[in-house]
Protein chains: 2
Amino acid sequence: MSATAPRVVALTGGVGGAKLGLGLARRLPAEDLAFVVNTGDDFEHLGLTICPDLDTLLYTLAGEADPERGWGRRDESWRFLETLAALGGEHWFSLGDRDLALHVTRTQALAAGRTLTEVTAALASRLGVGPALLPMSDDPVRTMVATAGGELAFQHYFVRERCAPAVTGFRFDGADRARANPAVLAALASPRLEAIVLCPSNPFVSIDPILAVPGLRAALETAAAPVVAVSPLVGGLAVKGPTAKMMEELAVPRTAPAVAAHYGALLDGLVLDTRDEAEAEAVRALGPAVTVTRTLMESLEDRLALADAVLAFADTLRE
Amino acid sequence: MSATAPRVVALTGGVGGAKLGLGLARRLPAEDLAFVVNTGDDFEHLGLTICPDLDTLLYTLAGEADPERGWGRRDESWRFLETLAALGGEHWFSLGDRDLALHVTRTQALAAGRTLTEVTAALASRLGVGPALLPMSDDPVRTMVATAGGELAFQHYFVRERCAPAVTGFRFDGADRARANPAVLAALASPRLEAIVLCPSNPFVSIDPILAVPGLRAALETAAAPVVAVSPLVGGLAVKGPTAKMMEELAVPRTAPAVAAHYGALLDGLVLDTRDEAEAEAVRALGPAVTVTRTLMESLEDRLALADAVLAFADTLRE
């Protein structure tokens with residue numbers, strides 16, 4: 001199975017990860033690239049199983065992501081949601097008419113006994129997406145956000161509450177019982193593997209849920225290929241999303257060394273934005289190698305250039 | 001509860017029944033009218049519970065029915081369905097983006113443990129519909145159509161196969177175990193009741209499933225009010241739907257006496273279309289009283305006039 005012996009495995013969560021994912025997908029043959037995708041964001045809503053990170057990556061790689069909103073499908077309409085609101089339904093989570101077709105298809109296939117990995121592969125095939133999109137686990141893991149006002153399911157925190165509550169910690173419900181996706185374990189154990197990339201996704205709620213699945217952190221640590229992370233910070237701030245706000249609330253310095261310390265012994269190299277170059281030595285002092293490049297991805301060229309830089313950096317770290 | 005002591009109870013199925021239902025709803029105060037609605041057409045599709053007859057009546061009474069198609073909501077769009085088709089999903093049953101909001105809302109409420117009666121009342125209230133819409137049962141009953149090529153679930157016969165297979169019989173799966181809706185039994189037992197109307201719906205697949213629910217035929221027979229049916233035939237043909245085709249295939253004459261014989265002892269009166277006036281005596285010979293009027297409902301005025309004629313006819317049949 002070529003899908004389980006890729007040259008590059010990328011761990012990813014939301015929008016930032018999908019941007020680098022697109023760069024990697026444009027640079028590598030489909031069979032040489034596999035994604036390990038966070039499913040801690042997944043939730044059940046209106047009777048549907050919704051997988052925001054899988055969908056963001058799927059739509060991005062298919063050229064179907066909305067370029068303005070940063071989430072959901074392009075050419076979207078909202079007749080369903082408007083009518084749902086008129087009927088008194090829960091409409092705080094924006095489900096477009098086109099997007100909904102994917103959620104209904106997936107939910108139906110899961111109810112028929114197919115795994116999330118199988119369903120995702122079928123959807124990717126339909127949308128013409130070549131690289132393997134591998135959920136971290138086929139078992140449900142649900143990120144819970146601890147706040148002063150109590151614990152919130154991730155999407156309630158992220159969408160309904162717009163990340164307003166101050167975060168005190170996280171819990172990955174179900175992670176202790178979740179079985180790592182066998183295709184992920186196979187990919188990480190492959191002797192063909194040349195690089196493992198931690199995309200510039202939120203370390204706390206995009207990458208950590210993946211690492212919380214029993215066996216996955218160990219598989220990353222024992223993999224022959226180097227593990228290279230792209231720092232999600234640019235000038236001490238997050239490009240998008242609550243990463244910087246969470247670091248502030250958790251009393252973690254908003255710095256590259258803090259990101260490196262967070263990933264710990266796992267990390268062989270860290271890619272810093274040019275604006276954070278001054279922090280390179282402090283990162284190296286913690287162990288990882290460092291490369292500095294532009295990590296802000298505004299254009300397709302930016303995505304391709306960062307993908308090139310990450311792959312070249314990983315090459316220098318292989319024995 | 002005024003909803004369970006109406007003056008008029010109307011049994012109804014699809015489009016023809018909803019047309020007369022609208023006439024009745026415009027003529028009677030909301031608390032004086034209740035509908036007993038066929039749920040044999042209901043089915044599970046794409047993980048949703050879809051109730052076509054309840055929805056046709058609901059949309060019609062709310063002024064939300066599409067006037068051209070004869071089913072579904074007005075001002076509808078089809079982005080969901082188009083995308084579902086592109087993803088390889090089952091798209092033979094046309095679900096509009098707005099219509100879908102109702103199915104999702106209902107399915108979610110049922111999954112949360114509410115009864116179909118409760119869910120329907122909530123939806124009717126949201127849509128500003130006053131008369132009670134009572135499912136014949138809160139338990140699932142599913143009409144199965146026997147054909148030479150085997151048994152088909154109703155919507156597969158009706159929509160997917162466009163009524164093409166020749167019908168040899170019907171089975172109402174689950175009817176033997178279904179409990180009659182208590183609100184229906186209360187309405188039929190009420191001393192206030194003045195008329196029971198069998199709308200001009202398909203006798204085989206709209207009215208018979210209602211009569212197949214244990215206790216409902218008996219409740220109609222013992223009710224103090226007369227039972228008046230409107231023949232679904234006009235000049236020996238059905239206005240819409242497969243009624244005439246089914247009679248042909250079942251070797252039942254396409255005549256008013258055959259309709260009267262089908263309902264049997266239940267019936268106190270039958271309303272015939274003027275085009276079928278010649279059959280009046282043959283119907284009377286079977287027992288029921290007869291009135292003749294225009295039953296074709298093209299305009300709102302037609303609906304109102306038929307409602308008036310039915311109510312006046314029932315008045316003449318009360319002791």
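Use the structure listed above.
Residues numbered from 1 in each chain as written. Chains lettered and ligands numbered in written order. Predicted model: local features only at pLDDT ≥ 70, side-chain atom pairs only at ≥ 80, totals over all residues. Heavy atoms only, no water.

Topic: the pairing of strand S14 (residues 289-293) of chain A
Residue and element names in this part refer to chain A. So the rule is basically this: The criterion for strand pairing is that DSSP finds at least two bridges linking the strands in question. We count a stretch as a helix when DSSP gives it H or I for four or more residues in a row; a strand needs E for two or more, and each element gets its number in order from the N terminus. Crossover handedness is defined here as right-handed if the route from the first strand over the helix to the second strand goes clockwise, with the strands pointing away from the viewer.
Both strand S13 (residues 269-273) and S14 contribute to a ladder of five bridges, which runs parallel. Looking across to S14, one finds that Val271 is bridged to Thr291. Handedness of the S13-helix H12 (residues 280-286)-S14 crossover: right-handed.

Some remarks on the interface of chain B and chain A
Often the size quoted for an interface is simply the accessible area lost on bringing the parts together. This is how it is decided: Whether two residues are in contact is decided by their heavy atoms, any of which lying within 4.5 Å being enough. Salt bridges are counted wherever a side-chain nitrogen of Lys or Arg sits within 4 Å of a carboxyl oxygen of Asp or Glu. Contacts described as polar in this section are N or O atom pairs within 3.5 Å, which, within protein, must combine one atom able to donate a hydrogen with one able to accept it, while residues neighboring in sequence count only if both atoms come from side chains. In this classification, Asp, Glu, Lys and Arg are treated as charged, Ala, Val, Leu, Ile, Met, Phe, Trp, Tyr, Cys and Pro as nonpolar, and every other residue, Gly included, as polar.
Listed as interface residues are 25 residues of chain B and, on the opposing side, 25 residues of chain A. At the junction of chain B and chain A, the tally comes to zero salt bridges. Inspection of the chain B/chain A interface yields six residue pairs in polar contact (both at pLDDT 80 or more). Elements represented by at least two residues in the side of chain B that touches chain A include exactly helix H3 (79-86), helix H4 (97-111) and helix H5 (116-126) of chain B. Per element, the largest residue contribution to the side of chain B that touches chain A is eight residues, and it comes from H4 of chain B. Looking at the side of chain B that touches chain A, its residues break down into 12 nonpolar, five polar and eight charged.

A short note on the nonpolar core
Cut-off, in case you're wondering: Here, the term nonpolar core denotes a set of buried Ala, Val, Leu, Ile, Met, Phe, Trp, Tyr and Cys residues that are joined through side-chain atoms within 4.5 Å. Relative accessibility under 20% of the residue-type maximum defines a buried residue, over 50% an exposed one, and the middle range a partly exposed one, all with a 1.4 Å probe and only protein chains included.
Counting 103 residues, the largest nonpolar core has Leu20 and Phe80 of chain A together with Leu20 and Phe80 of chain B as the members making the most contacts within it. Sequence-distant contacts of Phe80 of chain A, that is, excluding residues within four places in its chain, are made with Leu46, Leu95, Asp97 and Leu100 of chain A together with Asp97, Leu100, Ala101 and Val104 of chain B.

Some words on the packing of helix H4 (residues 97-111) of chain A against helix H5 (residues 116-126) of chain A
The axes of two packed helices give the description: the angle between them and the distance between them. Residues and elements named next belong to chain A. We count it as follows: A fitted line through C-alpha atoms represents every axis, and for helices the fit uses only the stretch in contact; the resulting angles, taken between N-to-C directions, go from 0 to 180 degrees. Oblique is the label for any angle not under 35 degrees, not over 145, and not in the 65 to 115 range, which are roughly parallel, roughly antiparallel and roughly perpendicular in turn. By the definition used in this description, the sense in which the near helix is turned from the far one sets the handedness, with an anticlockwise turn below a right angle giving left-handed and a clockwise turn giving right-handed.
One way to put it is that H4 packs onto H5 with a least axis distance of 9 Å and a crossing angle of 140°. Relative to H5, H4 is oriented oblique. Between H4 and H5 lies a crossing whose hand is right-handed. Taken together, the residues of H5 that come into contact with H4 (itself represented by Leu102, Thr105, Arg106, Ala109 and Leu110) are Leu116, Val119 and Leu123. By residue class, the composition of the contact of H4 with H5 is six nonpolar, one polar and one charged.

With respect to the side chain of Thr117 of chain A
Residue and element names in this part refer to chain A. By the element assignment, Thr117 lies in helix H5. Residue classification places Thr117 among the buried positions, given a relative accessible area of 15%. Within polar-contact distance, the side chain of Thr117 engages the side chain of Asp138 at 2.7 Å. Residue contacts for Thr117: discarding those within four places in its chain leaves Leu134, Pro135, Asp138 and Asn181.

A word on the relation of the copies chain B and chain A
Note the threshold: Superposing copies: least-squares fit, C-alpha atoms only, residues required to have pLDDT of at least 70 in both.
By a simple turn and slide, chain B fits onto chain A: the slide is 0.0 Å along the axis, the RMSD is 0.0 Å, and the turn is 180°. Accordingly, the operation relating the two chain copies is best matched by a two-fold axis. Ranked by how close their C-alpha atoms come to the rotation axis, the residues of chain B are headed by Asp97 of chain B, at 3.1 Å. Looking at chain B, 100% of its interface residues are interface residues in chain A too, so the copies touch through the same face.

Description of the sheet that holds strand S7 (residues 150-153) of chain A
Either a parallel or an antiparallel arrangement is found when strands of a sheet pair, and the pairing is made through backbone hydrogen bonds. Residues and elements named next belong to chain A. The three strands are arranged S7-S6-S8 in an open sheet whose pairing can be described as antiparallel. Two strands bound the open sheet, and with one partner strand each, they are S7 and strand S8 (167-173). Looking at each pair of strands side by side, their axes are set apart by 25° on average, direction ignored. Here strand S6 (residues 142-147) pairs with S8 via six bridges, running antiparallel. Bridge pairing in S8 links Thr147 to Val167. On the sheet, helix H8 (residues 203-211) packs against S6 and S8 and is oriented at approximately 30° with respect to S8.

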